[in-house]
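Examination of the molecular architecture
The residues making up each chain are set out below.
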Amino acid sequence: MDFVLWASRLMHVVSVVVWFGGLIFLNVVMLPVSHHEGESRSKAAVGALHRFNGFVWSSLWTALITGLLLMLLSPRFLWFEYSTLWQKLLAAKQVAFLLAGFFSWQTAKVVGRMEETQNEPDAYERWRLTYVRLIRRTIFCGIVGFLSAAGMEVL
């Protein structure tokens, strides 16, 4: 049982690091540099965003499955019980995860629109700005989830 907990926790952390670390890289490095260089509409830039979606989805599903395992194996977990601070932090982490998943789903749709409008500068720019906003919302949800998990660990 200890090995299952250890492996689940390790896979959970790695998947979250890949997911949110990649989003932070896109938000802080790749998107600003490609926009500054006038290459944001290039096939390589849009292709990189499209390819990153696979990492997002594999990380999201891994985080979901391992998170459920960690939650169900915890002696503090009770279904629909939010009386302790630990349980409230767990609820905040779950809501943050659901919102991050929803924003990631929207982001995947926006990348498709970006691919469709590569030859239309105005439309592409609107989709690019939407993509940036969605990434930032997802990162914010990740920070909330991280802080909730840290609080749960301390308690």
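Residues numbered from 1 in each chain as written. Predicted model: local features only at pLDDT ≥ 70, side-chain atom pairs only at ≥ 80, totals over all residues. Heavy atoms only, no water.

Okay, the packing of aromatic side chains next. Under the criterion given, the structure shown has seven aromatic pairs. Taking 5.0 Å as the distance between ring centres and 75° as the angle between the ring planes, the aromatic pair formed by Phe77 and Trp79 counts as edge-to-face. Exposure remark for Phe77: the relative accessible area of 13% places this residue in the buried category. Relative to Phe80, the ring of Trp79 lies with its centre 6.1 Å away and its plane at 40°, an arrangement referred to as tilted. Both residues of the pair, Trp79 and Phe80, belong to the exposed class. Through pairs of rings, three or more aromatic residues link up here, namely Trp19, Phe20 and Phe97. (Phe/Tyr/Trp six-rings, centres within 6.5 Å; stacked < 30°, edge-to-face > 60°. Buried < 20%, exposed > 50% of the residue type's maximum accessible area, 1.4 Å probe, protein only.)

This paragraph deals with the nonpolar core. The biggest cluster of nonpolar side chains holds 24 residues, and the ones touching the most others in it are Trp19, Leu23, Leu26, Leu31, Leu49, Tyr131 and Ile135. Put simply, the parts of the chain that give this core at least two residues each are α1 (2–36), α2 (43–73), α3 (85–116) and α4 (121–154). Top element by residues in this core is α4. It accounts for seven residues. Here Leu31 is in contact with Leu26, Leu49, Tyr131, Val132 and Ile135, once residues within four sequence places are set aside. Of all hydrophobic cores here, the second largest spans six residues; its members include Phe77, Trp86, Leu89 and Leu90. (Core = buried A, V, L, I, M, F, W, Y, C linked by side-chain atoms within 4.5 Å. Helix = DSSP H or I, 4+ residues; strand = E, 2+ residues; numbered from the N terminus. Contact = heavy atoms within 4.5 Å.)

Looking now at a nonpolar patch on the surface. On the surface, Met1, Phe3, Val4, Trp6, Leu10, Val14, Val18, Phe55, Trp61, Ile65, Leu69 and Leu73 cluster together into a nonpolar patch covering about 1,200 Å² of accessible area. At the level of elements, α1 and α2 are the ones that each hand at least two residues to the nonpolar patch. Sorting elements by how many residues they give to the nonpolar patch places α1 first, with six residues. By the element assignment, Leu73 lies in helix α2. (Patch = residues over 30% accessible without salt bridge, like charges linked within 9 Å, V, L, I, M, F, W, Y side chains within 5 Å. Areas by Shrake-Rupley, 256 points an atom, 1.4 Å probe, with all protein chains shown as cover. Salt bridge = Lys/Arg side-chain N within 4 Å of Asp/Glu carboxyl O.)

It is worth spelling out unusual backbone geometry at this point. The backbone of Phe80 shows a phi angle near 55°, a positive value even though the residue is not glycine. Along the chain, the position of Phe80 falls in the loop between α2 and α3. Owing to a relative accessible area of 69%, Phe80 belongs among the exposed residues under this scheme.

If you walk through the whole model with that rule in mind, you get two salt bridges. Here Arg113 ties to Glu116 by a salt bridge, and the two come within 3.7 Å at their closest N and O atoms. Separated by three residues within a single helix, Arg113 and Glu116 lie in helix α3, roughly one turn from each other. For Arg113, a relative accessible area of 43% corresponds to the partly exposed category.

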